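Topology and contacts: notes
Now for the letters of each chain:
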Amino acid sequence: MKFLIINGVNLNLTGKREKGVYGTATLEELNARIAAYCEENGDEAEFYQSNIEGELVNKLHEANEGKKFDGILLNAGAFTHYSYALRDAIAAIDVPVAEVHISNVHAREDFRNVSVISEVCKGTVCGFGAGSYLAAIVGLKTQLN
(Lines give C-alpha, C1' and ligand atoms only; values in the text may rest on other atoms or scores of the structure.)
Protein backbone atom coordinates (compact mmCIF):
# COMPACT_ATOMS: atom_id res chain seq x y z
CA MET A 1 0.00 0.00 0.00
CA LYS A 2 1.07 3.57 -0.54
CA PHE A 3 0.62 6.19 2.15
CA LEU A 4 0.91 9.96 2.04
CA ILE A 5 2.06 11.45 5.32
CA ILE A 6 1.09 15.12 5.60
CA ASN A 7 2.48 17.23 8.41
CA GLY A 8 1.06 20.67 9.00
CA VAL A 9 1.83 23.86 10.80
CA ASN A 10 5.01 24.06 12.91
CA LEU A 11 5.87 20.39 12.46
CA ASN A 12 8.95 21.42 10.52
CA LEU A 13 10.27 22.48 13.96
CA THR A 14 9.82 19.03 15.49
CA GLY A 15 12.85 18.13 17.57
CA LYS A 16 13.72 21.80 17.98
CA ARG A 17 10.71 23.19 19.86
CA GLU A 18 8.99 22.05 23.05
CA LYS A 19 11.14 18.93 23.31
CA GLY A 20 9.27 17.83 26.42
CA VAL A 21 6.09 17.64 24.35
CA TYR A 22 7.31 16.60 20.90
CA GLY A 23 10.59 14.84 21.67
CA THR A 24 14.04 15.41 20.25
CA ALA A 25 13.72 13.60 16.92
CA THR A 26 13.48 15.95 13.94
CA LEU A 27 10.74 15.65 11.35
CA GLU A 28 13.31 14.20 8.96
CA GLU A 29 14.20 11.53 11.53
CA LEU A 30 10.52 10.72 12.13
CA ASN A 31 9.97 10.47 8.37
CA ALA A 32 12.96 8.13 8.03
CA ARG A 33 11.53 5.89 10.77
CA ILE A 34 8.12 5.82 9.07
CA ALA A 35 9.69 5.13 5.66
CA ALA A 36 11.75 2.25 7.10
CA TYR A 37 8.65 0.79 8.79
CA CYS A 38 6.71 0.97 5.53
CA GLU A 39 9.54 -0.64 3.57
CA GLU A 40 9.83 -3.48 6.11
CA ASN A 41 6.11 -4.15 5.67
CA GLY A 42 5.96 -3.93 1.88
CA ASP A 43 4.42 -0.46 1.85
CA GLU A 44 5.50 2.91 0.49
CA ALA A 45 5.44 6.34 2.09
CA GLU A 46 5.56 9.81 0.60
CA PHE A 47 5.98 12.87 2.82
CA TYR A 48 4.75 16.44 2.67
CA GLN A 49 4.92 19.33 5.13
CA SER A 50 3.56 22.87 4.95
CA ASN A 51 2.78 25.66 7.36
CA ILE A 52 0.18 27.03 4.95
CA GLU A 53 -3.41 25.85 5.32
CA GLY A 54 -4.29 26.25 1.64
CA GLU A 55 -1.27 24.20 0.57
CA LEU A 56 -2.42 21.38 2.85
CA VAL A 57 -5.89 21.54 1.30
CA ASN A 58 -4.35 21.46 -2.18
CA LYS A 59 -2.23 18.42 -1.24
CA LEU A 60 -5.32 16.56 -0.03
CA HIS A 61 -7.09 17.35 -3.32
CA GLU A 62 -4.03 16.31 -5.31
CA ALA A 63 -3.74 13.05 -3.36
CA ASN A 64 -7.26 12.15 -4.42
CA GLU A 65 -6.55 12.62 -8.13
CA GLY A 66 -5.74 9.37 -9.86
CA LYS A 67 -6.06 7.41 -6.62
CA LYS A 68 -2.28 7.18 -6.26
CA PHE A 69 -2.49 6.72 -2.47
CA ASP A 70 -4.30 4.07 -0.46
CA GLY A 71 -4.37 6.18 2.68
CA ILE A 72 -3.31 9.50 4.15
CA LEU A 73 -1.93 10.23 7.61
CA LEU A 74 -2.56 13.85 8.57
CA ASN A 75 -0.94 15.63 11.47
CA ALA A 76 -2.51 19.04 10.96
CA GLY A 77 -0.90 20.55 14.06
CA ALA A 78 -2.89 23.48 15.44
CA PHE A 79 -5.08 23.50 12.31
CA THR A 80 -6.72 20.41 13.82
CA HIS A 81 -8.63 22.58 16.24
CA TYR A 82 -10.14 25.17 13.90
CA SER A 83 -9.57 24.49 10.20
CA TYR A 84 -12.93 23.83 8.62
CA ALA A 85 -11.14 24.14 5.28
CA LEU A 86 -9.11 21.01 6.08
CA ARG A 87 -12.20 19.29 7.45
CA ASP A 88 -14.12 19.96 4.24
CA ALA A 89 -11.17 18.86 2.08
CA ILE A 90 -10.99 15.54 3.93
CA ALA A 91 -14.75 15.06 3.57
CA ALA A 92 -14.51 15.80 -0.16
CA ILE A 93 -11.96 13.12 -1.04
CA ASP A 94 -12.24 9.35 -1.36
CA VAL A 95 -8.83 8.44 0.08
CA PRO A 96 -9.19 7.49 3.77
CA VAL A 97 -7.46 9.83 6.22
CA ALA A 98 -6.15 9.04 9.69
CA GLU A 99 -5.64 11.92 12.12
CA VAL A 100 -2.27 11.68 13.86
CA HIS A 101 -0.64 13.61 16.70
CA ILE A 102 2.80 13.17 18.23
CA SER A 103 1.65 14.36 21.65
CA ASN A 104 -1.40 13.35 23.65
CA VAL A 105 -3.59 16.33 22.75
CA HIS A 106 -6.12 15.30 25.42
CA ALA A 107 -3.55 15.78 28.19
CA ARG A 108 -2.71 19.32 27.12
CA GLU A 109 -4.53 22.66 26.94
CA ASP A 110 -8.33 22.53 26.81
CA PHE A 111 -8.54 23.92 23.27
CA ARG A 112 -6.55 20.90 22.03
CA ASN A 113 -9.34 18.58 23.15
CA VAL A 114 -11.44 19.72 20.20
CA SER A 115 -10.72 18.43 16.72
CA VAL A 116 -12.81 19.68 13.83
CA ILE A 117 -11.31 17.04 11.53
CA SER A 118 -11.91 13.89 13.63
CA GLU A 119 -15.44 13.29 12.45
CA VAL A 120 -14.32 13.02 8.81
CA CYS A 121 -11.25 10.87 9.52
CA LYS A 122 -11.22 7.06 9.78
CA GLY A 123 -9.55 7.26 13.17
CA THR A 124 -7.25 9.22 15.44
CA VAL A 125 -3.98 8.18 17.06
CA CYS A 126 -2.15 10.46 19.51
CA GLY A 127 0.43 10.48 22.24
CA PHE A 128 2.94 7.91 21.01
CA GLY A 129 5.45 10.14 19.22
CA ALA A 130 6.52 8.57 15.92
CA GLY A 131 4.61 5.48 17.04
CA SER A 132 1.37 7.37 16.43
CA TYR A 133 2.14 7.35 12.71
CA LEU A 134 3.00 3.65 12.74
CA ALA A 135 -0.20 2.78 14.61
CA ALA A 136 -2.23 4.82 12.12
CA ILE A 137 -0.67 2.88 9.24
CA VAL A 138 -1.67 -0.39 10.91
CA GLY A 139 -5.17 0.95 11.51
CA LEU A 140 -5.66 2.10 7.93
CA LYS A 141 -4.29 -1.17 6.54
CA THR A 142 -6.70 -3.11 8.75
CA GLN A 143 -9.67 -1.08 7.53
CA LEU A 144 -8.61 -1.27 3.88
CA ASN A 145 -8.08 -5.07 3.87
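Let me begin by describing the structure that accompanies this report. All chains use their own residue numbering, which begins from 1 and follows the written sequence. In view of the model being predicted, local features appear only for residues whose pLDDT reaches at least 70, and side-chain atom pairs are presented and counted only at 80 or more, with totals across whole chains, interfaces and linings using the full set of residues. Side-chain calculation: all heavy atoms of the structure are included, whereas hydrogens and water are not.

In space, the five strands of this open sheet follow the order 2-1-3-4-5, with parallel pairing throughout. Two strands close off the open sheet at either side, each with one partner strand: strand 2 (44-49) and strand 5 (123-126). The mean angle between the axes of side-by-side strands here comes to 20 degrees, regardless of whether they run parallel or antiparallel. A strand pair is defined by DSSP finding two or more bridges across the two strands. A run of H or I in DSSP counts as a helix once it spans at least four residues, and a run of E counts as a strand once it spans at least two, with each numbered from the N terminus. Judged from the four bridges that link them, strand 4 (residues 97-101) and strand 5 form a sheet pairing that is parallel. Paired with A98 across the bridge in strand 5 is G123. Contacts: residue pairs with any heavy atoms within 4.5 Å of one another. Fitted lines through C-alpha atoms give the axes, limited to the stretch in contact for helices. The angle between two N-to-C directions lies from 0 to 180 degrees. Packing against the sheet, helix 3 (residues 53-64) makes contact with strand 1 (2-7), strand 2 and strand 3 (71-75), and its axis sits at approximately 170 degrees to strand 1.

As for its placement among the helices and strands, E53 is situated in helix 3. Each residue is assigned to one of three classes by its accessible area relative to the maximum for its type, calculated with a 1.4 Å probe on protein chains only: buried under 20%, partly exposed between the two thresholds, exposed over 50%. You can call E53 partly exposed: its relative accessible area is 27%. Along the chain, E53 and A85 lie 32 residues apart, while their C-alpha atoms are 7.9 Å from each other. In contact with E53, other than residues within four places in its own chain, are F79, S83, A85 and L86. In this structure the side chain of E53 is engaged in a polar contact, spanning 2.4 Å, whose partner is the side chain of S83. Identification of polar contacts relies on pairs of N or O atoms within 3.5 Å, with a donor-acceptor requirement for protein atoms, meaning one able to donate a hydrogen and the other able to accept it, and with residues adjacent in sequence counted only if both atoms are side-chain atoms.

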